[in-house]
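Here are the chains, one letter per residue:
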Amino acid sequence: MTKIQSIRGMPDVLPGDSARWQWVERTVQDVLARFGYRQIRLPVLEETALFARGVGETSDIVEKEMYSFLDRGGDSVTLRPEGTAGCVRACEQHGLLYNQTQRLWYAGPMFRYERPQRGRYRQFEQIGVECFGFPGPDVDAELLMMTAEMWRALGVRDAVRLELNSLGTPAARQAWREALLAYLRPFAADLDEDSRRRLERNPLRILDSKVERTREIVADAPTFDASMDDESRRHFEGLLALLQSAGIEPVLNPRLVRGLDYYSRTVFEWTTDRLGAQGTVCAGGRYDGLVEQLGGRPTPGIGFAMGVDRLLLLAEALDAVPAALAQEVDVYLVHLDEDALEAAFALARRLREALPDLRVQMHAGGGKVKARLKRADASGAEYALLLGADEVSAGTATLKPLRSDAQQQTLTPAALIDQLRARNG
Ligand code: HAM
């Protein structure tokens, strides 16, 4: 029989790596809490129409990357390719938007049928943030300051830069679209196939084509600047001033249009050149029209999502992941004969109660004493704690350092707790 393997592009995170994942998640979530953001937990499966309407019919995601299928009731459902549309859907459905402001975050897997490579997967993890009800540039600035703080906390700040652009209002973008179309039409035959197909439907997307000849053509295309409306210009300038006062220096990139159709005004990407082609670790922008487009009242929105897979790759490339994460057990408790097992469980319970930060692993599975001690060593624990018949009758246990030459000590539980507490600081 052939063995069943994981699906291409859907990696497992093995136990040796999960502590590093947790470190990224915890670090980012700590910053979110310190900025007063609240978690929203959303389903992984939504109606297909949500993404078609929300993300955009002409986006790559909706055109060719969604995991869509008919469920057993015959309804078309889709594994979420991103979190914004679902977050808007949930907020609208539960009345969280009208006359209120929200600062929310979510985390979890997203699904896109892309060509897998390092840093690009078909199931990947995002931590996303969405804010609702804030029309001005203050919240745009807050989000960018908050992300900068996250990069500092993860130790990757010096390796990422902020690319920033404004797409203006939908009306201004429409004017730009016309100008672009007028410029691009004469080159239609020279464009790559994808871009030619996009020409009439979504010409803005041609701007981020990776095809050499298309890039050359696009290099002289009209930029949005000339079409931008005054209100959006003021918004953008307000944002730039706030960023400057916070010491954040963005790279202004007029070609930054983003692959999802819902954006207006501010769009941004945090990129690095340490990860090859998959260098965008976090991206987002303002989507003032999306709530309305999904059936709600006009409500300004802005957010971003970071790729946790990529951030971890980056932190690893920079050696920013704390080394201490590798150690997952502090004390490995070995009962030296089976008669001592109950006493061992009781001692483990007492230690865990007295020292909630201490990680105590019990030996299980029997074996000779020598094999038990070998397991203690293999656990990575700093100490083995030995409990035999003698210790049980004396009411003590023997603490044996595994990573230093220090002497082992036979201690009462109270002395043991003091000793381990001192070590844990
Ligand atoms: P996105 O640019 O499609 O935006 O994805 C955000 C981030 O998710 C990317 O910058 C990247 O780090 C990560 N990512 C995307 N695709 C993959 C993949 N196949 N493998 C690994 N990582 C990936 C959004 O999803 C928007 N919902 C962001 C947003 C929130 N805009 C406003 N609010």
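The rules behind the values
All residue numbers here refer to positions counted from 1 along the written sequence of the relevant chain. Residue-level local features of this predicted model are given only where pLDDT is at least 70; pairs of side-chain atoms are given and counted only at 80 or more, and the full residue set underlies all totals for whole chains, interfaces and linings. Values shown for side chains rest on all heavy atoms present in the structure; no hydrogens or waters enter the calculation. For two strands to count as paired, DSSP must find a minimum of two bridges between them. Secondary structure elements follow DSSP: runs of H or I no shorter than four residues count as helices, runs of E no shorter than two count as strands, and numbering proceeds from the N terminus. Axis definition: a line fitted to C-alpha atoms, limited for helices to the stretch in contact. Angles are taken between N-to-C directions and run from 0 to 180 degrees. When checking whether two residues touch, look at their non-hydrogen atoms; a contact exists if any pair is within 4.5 Å. Near is defined per residue: the residue qualifies when any heavy atom it owns lies within 4 Å of the molecule or strand. Here a polar contact means two N or O atoms within 3.5 Å. Within protein one must be a hydrogen donor candidate and the other an acceptor candidate, and residues neighboring in sequence count only if both atoms are side-chain atoms. Accessible surface area values rest on a Shrake-Rupley calculation with a 1.4 Å probe, where residue burial reflects the displayed protein chains alone. Each residue is assigned to one of three classes by its accessible area relative to the maximum for its type, calculated with a 1.4 Å probe on protein chains only: buried under 20%, partly exposed between the two thresholds, exposed over 50%. What makes a salt bridge here is a side-chain nitrogen of Lys or Arg within 4 Å of a carboxyl oxygen of Asp or Glu, nothing more. Source of the domain bounds: an automatic or database domain assignment.

## Re the sheet that holds strand β16 (residues 409-411)
One open sheet accounts for five strands, arranged β13-β12-β14-β15-β16; its pairing is mixed. Only two strands of the sheet have a single neighbouring strand rather than two, namely β13 (360-362) and β16. Strand-to-strand twist across the sheet, computed as the mean angle between neighbouring axes with direction ignored, equals 25°. Relative to β13, strand β12 (residues 331-335) runs parallel, the two sharing three bridges. Each residue of the ladder has a partner; that of Val331, found in β13, is Val360. Of the strands in this sheet, β12, β13, β14 (383-387) and β15 (397-401) are in contact with helix α12 (residues 341-354), which crosses β13 at around 165°.

## Considerations on the site of the ligand
Close to the ligand lie 26 residues; Glu82, Glu114, Glu130, Arg258 and Tyr263 are nearest. For the ligand, a nitrogen atom lies 2.6 Å from a polar atom in the side chain of Glu114. Glu130 has a polar side-chain atom sitting 2.8 Å from a nitrogen atom of the ligand. Protein contact buries 96% of the 650 Å² of open area that the ligand shows by itself. Elements with a minimum of two residues in the shell around the ligand: β6 (123-132), β10 (280-286) and β11 (301-307).

## Quick notes on the pairing of β15
With four of five residues buried, β15 lies mostly within the body of the structure. Where β14 lies against β15, four bridges are found, and the strand directions are antiparallel. Across the sheet, residue Tyr383 finds its bridge partner in β15, namely Pro401. Bridging between β15 and β16 involves three bridges; their strand directions are antiparallel. When the bridges of β16 are listed, Thr398 appears paired with Thr410.

## Digging into the pattern of salt bridges
Counting across every chain of the model gives 29 salt bridges. Where Arg103 meets Glu142, a salt bridge forms, and the shortest distance between an N and an O atom there is 2.8 Å. Residue Arg103 is located in strand β5 (residues 102-111), and its partner Glu142 is located in helix α5 (residues 137-154); the two are separated by 39 residues in the primary sequence. You can call Arg103 partly exposed: its relative accessible area is 27%. For Glu142, a relative accessible area of 19% translates into the label buried. Taken together, the salt bridges that share partners define one network made up of Asp60, Glu63, Lys64, Asp194, Arg197, Arg198, Arg201, Arg205 and Asp208.

## Section: the domain arrangement of the protein
Annotation of the protein at the domain level lists domain 1 (15-169 + 229-317) and domain 2 (328-424). A C-alpha centroid distance of 46 Å is found between domain 1 and domain 2.

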